[in-house]
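Residue-level listing of the chains:
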Amino acid sequence: MEIHNFKLNQMKKSGNLTNDLAVSLRNKIITGNLQVGAKLPSSKIVEELAGVSRSVVREAIAQLRAEGLVESRQGVGVFISKIPEKNAFKITQKEMESITDAIQILELRMAVEVEMSGMAAKFRTEEQMTTINNCLLRMSKKMSIGKDGIDEDFNFHKAIAVASSNIYFLRFIDYIGSRVIIPAREIVTSNKEIIKTDDFLDILNAEHKQIAKAIEYKDSELARAATKAHLTNSIARHQKARLIS
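The rules we used
- Residues numbered from 1 in each chain as written.
- Predicted model: local features only at pLDDT ≥ 70, side-chain atom pairs only at ≥ 80, totals over all residues.
- Heavy atoms only, no water.
- Helix = DSSP H or I, 4+ residues; strand = E, 2+ residues; numbered from the N terminus.
- Buried < 20%, exposed > 50% of the residue type's maximum accessible area, 1.4 Å probe, protein only.
- Contact = heavy atoms within 4.5 Å.
- Areas by Shrake-Rupley, 256 points an atom, 1.4 Å probe, with all protein chains shown as cover.
- Phe/Tyr/Trp six-rings, centres within 6.5 Å; stacked < 30°, edge-to-face > 60°.
- Lys NZ or Arg CZ within 6 Å of the ring centre and 35° of its normal.
- Pairing = 2+ DSSP bridges.

Caption draft 1: Seen up close, the overall build of the protein. Within the protein, the regular secondary structure consists of 9 helices and 2 strands. Listing every helix and strand of the protein by position from the N terminus yields α-α-α-β-β-α-α-α-α-α-α. Expressed as a percentage of the 245 residues in the protein, the buried residues total 48%. Long-range contacts, defined as pairs at least 24 residues apart, comprise 71% of the intrachain contacts of the protein with a sequence gap of at least 6. A total of about 13100 Å² of accessible surface is found on the protein, and carbon and sulfur atoms cover 51% of it.

As structure tokens, then:
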């Protein structure tokens, strides 16, 4: 089934053209504008309509193919293979490769983790506090010898999620935590003009200590403030990276 009168809505400009185009095409599939079995217009037509290069179209189609939404048939073209679940939430690896996307994901984390830390301060047990401090200690040791401590960082935030007594915070951190921390570190530490890596790790360590201290004091407002400061600073570091790069 050939698609006629194919149009693309104005793409949201996020700084990642491949992701912008993939989102636009995905939305057309979700809303039923592109039916299962329909053949996508040629890459050249999509390229002209979207105002992007051939490589961007190819990468966007590859992203949809990886999600199982389209399939390529040799010598025939690209066809819609399934309708995605409207309620599915997904952050792809591709979306974490630009500074703009990293900042937006950090903003999402702030909306969740500020309250998560406040609840952890209110409900944490002595055993959970010991786990949080042990994670912090392991992270500090790794950072003190110049290691990034990414796994320990993730475990620290996960321990806070457990202490919040809300299983959905834990599910969120399980899903998003390790995926976000790794590229976030790489974006900032790869740009030596921003901050020396040793100083950067010291600053991160200090920010995490403030969060742990507030939770240990059972001070919910201080825990929220410390978490907000940590993620706000992370966003600022990314914004500086974007200006320099």
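After that view, the rundown keeps rolling.
Caption draft 2: Region of the structure containing the environment of Ala223. With respect to the element layout, Ala223 can be found in helix 9 (residues 220–244). Given the relative accessible area of 0%, Ala223 is considered buried.

Caption draft 3: Representation of the packing of aromatic side chains in the model. Scanning the entire structure with this criterion turns up 0 aromatic pairs. For the cation-ring pair, Arg73 lies above Phe79, with the distance from its terminal atom to the ring centre recorded as 3.9 Å.

Caption draft 4: Region of interest: the pairing of strand 1 (residues 70–73). The pairing of strand 1 with strand 2 (residues 77–80) spans 4 bridges and is classified as antiparallel. Of the residues in strand 2, the one forming a bridge with Arg73 is Gly77. The antiparallel pairing of strand 1 with strand 2 creates a hairpin that spans 3 residues between the two strands, and Gly75 there sits at a positive phi of about 75 degrees.

Caption draft 5: A look at unusual backbone geometry. A positive phi angle, close to 65 degrees, is found at Ser165, a residue other than glycine. Inspection of the secondary structure assignment puts Ser165 in the loop between helix 6 (150–163) and helix 7 (167–189). With relative accessibility at 54%, the residue Ser165 sits in the exposed group. A positive phi is found at Lys218, a non-glycine position, where the angle reads about 60 degrees. Mapped onto the secondary structure, Lys218 falls in the loop between helix 8 (197–216) and helix 9.

Read these as geometric descriptors, not functional statements.
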